[in-house]
Amino acid sequence: MERGQQGRRIGGVAWRILLWYNENSKPHMGILIIPVRRRVVFVLEKIKFITDTACDIPLSTAMAQGVEEAPLSVTILGKTYRESYDISPQEFYELCGKSKELPVSAGVNSTEYYTRLERAWEEEYTAVCIVCINARGSVCYTAACHARDDFFEEHPEAVGKLRVEIVDSRTYSIAYGIPVMKAARMAKNGKSLDEILSFFDDWFDRVEIYFCPLTFEYVKRSGRVSRTIAFVGDALGIRPIIHIIEGKTAADAKVRGNSKITEAMEKLAVSRMLPAGDYGILVGTPRELAEDLERRLEEALSQVDGAGEVRVVLTVKSTARQVLAQDGRSTQRGSELDSTLTTV
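Attention in this report is confined to the structure presented alongside it. Throughout this description, residue numbers start from 1 for each chain and increase along the sequence as written. Per-residue local features of the predicted model are confined to residues with pLDDT of at least 70, and side-chain atom pairs are confined, for both listing and counting, to 80 or more; whole-chain, interface and lining totals are unaffected and use all residues. The basis for every side-chain value is the complete set of non-hydrogen atoms in the structure, without hydrogens or water.

Observations regarding the overall build of the protein chain
Numbering of helices and strands runs from the N terminus; a helix is a DSSP stretch of H or I covering at least four residues, while a strand is a stretch of E covering at least two. If you tally the helices and strands in the protein chain, you get ten helices and 17 strands. Classification of the 344 residues of the protein chain by burial places 38% in the buried group. Here, Shrake-Rupley sampling with a 1.4 Å probe gives the accessible areas, and only protein chains in the shown set may cover a residue. Split by element, the accessible area of the protein chain, about 20200 Å² in all, is 51% carbon and sulfur. When accessible area is computed with a 1.4 Å probe and restricted to protein chains, residues below 20% of their type maximum are described as buried, those above 50% as exposed, and intermediate ones as partly exposed.

A look at helix H9 (residues 261–272)
Note: α-helices contain 3.6 residues per turn, so residues at a spacing of three or four share the same orientation. Each helix should span, by expectation, one fewer than its residue count multiplied by 1.5 Å. Its twelve residues give H9 an end-to-end C-alpha distance of 17 Å, which sits within 8% of 16 Å, the value for a rise of 1.5 Å per residue. We call two residues contacting when some pair of their heavy atoms lies within 4.5 Å. Elements that come into contact with the buried residues of H9 comprise strand E11 (209–211), strand E12 (238–245), strand E13 (248–256) and helix H10 (287–301).

Re the packing of aromatic side chains
Put simply, two rings from Phe, Tyr or Trp (the six-membered ring, in Trp's case) pair if the centres are within 6.5 Å, and we call them stacked under 30 degrees between planes, edge-to-face over 60, tilted for the rest. By the definition in use, this model includes six aromatic pairs. Taken together, Phe-199, Phe-200, Trp-203 and Phe-204 form an aromatic cluster joined through their ring pairs. A cation over an aromatic ring shows up here: Lys-46 above the ring of Tyr-125, its NZ or CZ 4.6 Å from the ring centre. Throughout this description, the term charge over a ring refers to an Arg CZ or Lys NZ atom that lies within 6 Å of the ring centre and within 35 degrees of the ring normal.

Structural notes on unusual backbone geometry
Most of the time, phi is negative for any residue but glycine, and the peptide bond is trans. For Asp-56, which is not glycine, the phi torsion reads 65 degrees and is therefore positive. Mapped onto the elements, Asp-56 comes out in the loop between strand E4 (47–52) and helix H1 (59–64). Taking the relative accessible area as the measure of exposure, Asp-56 reaches 31% and is therefore partly exposed.

As for the pattern of salt bridges
Salt bridges are counted wherever a side-chain nitrogen of Lys or Arg sits within 4 Å of a carboxyl oxygen of Asp or Glu. In this structure the tally under the stated criterion is 17 salt bridges. Of the charged contacts, one joins Arg-296 and Glu-266 as a salt bridge, the two residues approaching to 2.9 Å between their closest N and O atoms. With a gap of 30 residues between them, Arg-296 in helix H10 and Glu-266 in helix H9 connect regions that are remote in the sequence.

Function cannot be inferred from these measures alone, as they are strictly geometric.
Below, the structure is given as structure tokens:
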């Protein structure tokens, strides 16, 4: 038995008849195959990003990217403030200098998250992504989960229409503030929430924080070290460099004097960073140390094989609240240098 083919297009749809012939060259059987046209619908996600003020991204910078920051609260000298909304970092530092007791902080409550979820639903967002400070050190993550449960209980019509993802960053400060800002840009560029969640997984699996307190005063007040150790440490100018990895803290090095801090941090960064990786610098008051560290890192990392010039800096100046949040990249094109600067 032989087989032949005939093909045509009807109404723009391709179809084909397969004919099987018998020995007398007469059609024995025919099968008509018509591919079905499928309607393809592209649904663009409208994603709202919510984080908390402990991410240390300025409110104005976050708002410019459409990112909301739910406020933590801090109580000092008998008064409670909403962090970043009612009190600036500089004002907070000034009050710490006047207070004999440590300030008391409180995480974002579930009502705050619930209100923001309701607003996102009313504004017809299709997804909300809440990125929280390390769940081991704050109630924010738990509060966000409670708010999500309460929201869907009150709004069963939102089930299947509003996706709510809550991410435990397992870290602190700009270590989760920077990726949230990047995620907002990714969404604007058409990336899906699943792609962004994968980005978060990768970032939070690898991000590390290194910090150095310039005094033992507040560590002493918290009871984490004895008064004797604090006195000797300050007297000798000892500066511990501490890391936070996967939400856990440990000391990496100890140096004598402020002048040795940036050199030690430079060595840590070069030994730990991936080529062309992002880095951030957050400074409370000593701006000159941040500038020295930035200069050192730019020079050292530019010599790493495969590394490009990457600058991500966030600073809070001591005399006035000045925030510099930028992600700058430079590339060489022949004999010309092409530089771009993007605010995070």
